Amino acid sequence: MDGETTMKCGLEIHVQVETRSKLFCRCPTNYNEVPPNTNVCPVCMGLPGARPMPPNKKAIDIAIMVAKMLNCEIVLDKDIYFQRKHYDYPDLPSGYQRTTVPIGVNGRFLNVGIAEVHLEEDPGQYKPDLGLVDFNRSGIPLIEIVTEPDIRSPEEAREFLKQLMRLFRYIGHLRGEGTMRADVNISVNYRGIQGNRVEVKNINSIKGVYKVLKYEFIRQKNILKRGGEVKRETRAFMESQMITRAMRTKETAEDYRYIPDPDIQPIVIDERWIKEVESQMPETPLEKEKRFIREYGIKEEDAKVLVSDLALAEVFEKVVRDLGVNEKHVNLAVTWIRNELKRVLAYNKIDFLESNLKPEHLTELIRLITDNIISQKIGKKIIEIMVEHRGKKSPREIVEEMGLTVITEDDVLVKACEEAIKNNPKAVKDYLDGNKVALHFLMGQVMKLTKGRAEPKKVVKILKEKLDTMV
Ligand SMILES: [Zn+2]
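The name given to the protein chain in an unreviewed UniProt entry is Aspartyl/glutamyl-tRNA(Asn/Gln) amidotransferase subunit B, with Methanofervidicoccus abyssi as the source organism. Listed under Sequence similarities (unreviewed entry) in UniProt, the entry text for the protein chain is "Belongs to the GatB/GatE family. GatB subfamily." The UniProt entry for the protein chain carries this comment under Subunit (unreviewed entry): "Heterotrimer of A, B and C subunits."

Below, the structure written as structure tokens:
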């Protein structure tokens, strides 16, 4: 990351599935809207002898869908056991959490490998400050996504999670960032010295993950720099202080004493089940990419960039349809959305949704350009202003307020051309000597004189006429 120090980071991301009832019982899942310990029964409280119901099918469907959307291979025609993962914590009276073996494996999302996707149950909530354990949350279906340690910087982790949350919104049936909890593991290499892997548990926001990685990167690097050893351990994130603190030495799989849960039939996913899920599945980003290439004839690279931000992909499609699907409009939409808008969003470090822009803003902007009311150069400026103002003003309003309409009046343009010719004898000579590129330079000068408002075609015509009389 800074030349002599690199980092590797993997994430384990948990997100709740939006189901009406819990994973193994019929208790409702609106745990935040009811008093503590009201959505409970012997099953989700883990009382001895309580028999779980067969797992909620919708939760499994969504887990399969998530795995498919992350380009995983689904574990087919095999027993997928619910295992008991043992640990002691006040929110887990049974002493174990039920978690499946992988449902999907070997996936990829953005440039990050997805090791596995599985389903598990959420534990309850222990609130030490209130001396209370609330079991409303216990038994809510959770999907866990485990990535390979392919992430190389805090910024990459943040982008990955942002895109993942976007994908979740796109899939639907998931509760998104509000219920997200992530564990991160990070190791640092300083001048070839490899430190141990450290895990930080239970971070509940994207910003938190970013801060943890920034903090751990520096902490581990400093230890290695002093010649010390980074301990293999689990740490907790102290959000109020923005630091991490040692929790315990890392558990190994053995500590959890995984055993298949004898009360629950294993899941077996067959082709038919996958087909059924696929029929309810939104278009995957990859399918969208292929369709964009096929339907609109855009370049693969452009399709990839558009689809990487689903909101942007939707804007592109809406704008092209509103303008009328043809090659010219598609090219304009690519130029103004994939290139210009994306550039301005990146500069402002926000995504399309955060910009509050609407597809209509872009359609209007492109129409202003094609109708020759503003120049391309002014168009770029307007996108910047729109994003800065978070979509509060339409392109037309900005144009009118700032007087940015294109100059088409001949006398004004002729004057500007004459001035450009007068001030740039070298370019004029070059042009007359046969160097046609010099015309672009003169054209640029006219644009400068008119603050980008001159109509380019007319300027070229006038410049040529003037120059030709000078031969
Ligand atoms: Zn229950």
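Asks: What exactly am I supposed to notice about the side chain of Glu455 here?
Replies: Note on placement: Glu455 falls in the loop between helix H15 (437-449) and helix H16 (456-468). Look at Glu455: it is buried, it has no salt bridge, and the nearest opposite charge is Lys458 at 4.5 Å. Leave out the neighbours within four places in its chain, and Glu455 touches Asn372, Val406, Ile407, Thr408 and Leu413.

Asks: Explain the packing of helix H1 (residues 57-69) against helix H4 (residues 271-280) here, please?
Replies: Relative orientation and spacing of two packed helices are given, respectively, by the angle between their axes and the distance between those axes. One way to put it is that H1 packs onto H4 with a least axis distance of 10 Å and a crossing angle of 80°. Classed by the angle they form, the pair H1 and H4 counts as roughly perpendicular. Together, Lys57, Ile60, Asp61, Ile64, Met65 and Lys68 of H1 and Trp273, Ile274, Glu276, Val277, Glu278 and Gln280 of H4 make up the contact between the two elements. Within the contact of H1 with H4, the residues separate by chemical class into six nonpolar, one polar and five charged.

Asks: What is the right way to read the coordination of the zinc ion from this model?
Replies: Reference values for coordination geometry: four tetrahedral donors around a metal ideally subtend 109.5 degrees, six octahedral donors ideally subtend 90 or 180 degrees. Around the zinc ion, the protein supplies Cys25 (SG), Cys27 (SG), Cys41 (SG) and Cys44 (SG) as donor atoms, at distances of 2.3 to 2.4 Å. Each of the four donor atoms bound to the zinc ion contributes to angles spanning 103 to 114°, and the resulting shape is tetrahedral. Between the donor residues of the zinc ion, the gaps in sequence give the motif C-x1-C-x13-C-x2-C. Among the residues examined, Cys41 registers a relative accessible area of 18% and is labelled buried.

Asks: Explanation requested: a positive patch on the surface in the structure shown.
Replies: Together, Lys377, Lys381, Lys448 and Lys451 line one region of the surface with positive charge. Mapped onto the elements of the fold, Lys377 is located in helix H11 (residues 376-388).

Criteria and cut-off values
- Residues numbered from 1 in each chain as written.
- Predicted model: local features only at pLDDT ≥ 70, side-chain atom pairs only at ≥ 80, totals over all residues.
- Heavy atoms only, no water.
- UniProt positions renumbered as here; feature names shortened; annotations may be inferred.
- Helix = DSSP H or I, 4+ residues; strand = E, 2+ residues; numbered from the N terminus.
- Buried < 20%, exposed > 50% of the residue type's maximum accessible area, 1.4 Å probe, protein only.
- Lys, Arg positive; Asp, Glu negative; His and termini not counted.
- Salt bridge = Lys/Arg side-chain N within 4 Å of Asp/Glu carboxyl O.
- Contact = heavy atoms within 4.5 Å.
- Axes fitted to C-alpha atoms, helices over the stretch in contact; angles between N-to-C directions.
- Parallel < 35°, antiparallel > 145°, perpendicular 65-115°, else oblique.
- Nonpolar A, V, L, I, M, F, W, Y, C, P; charged D, E, K, R; others polar.
- Donors = N, O, S within 2.8 Å, 3.2 Å for Na, K, Ca; no water.
- Tetrahedral: all angles 85-135°; square planar, octahedral: opposite > 155°, others 65-115°.
- Patch = residues over 30% accessible without salt bridge, like charges linked within 9 Å, V, L, I, M, F, W, Y side chains within 5 Å.
- Areas by Shrake-Rupley, 256 points an atom, 1.4 Å probe, with all protein chains shown as cover.
- Charge placed at Lys NZ, Arg CZ, Asp CG, Glu CD.

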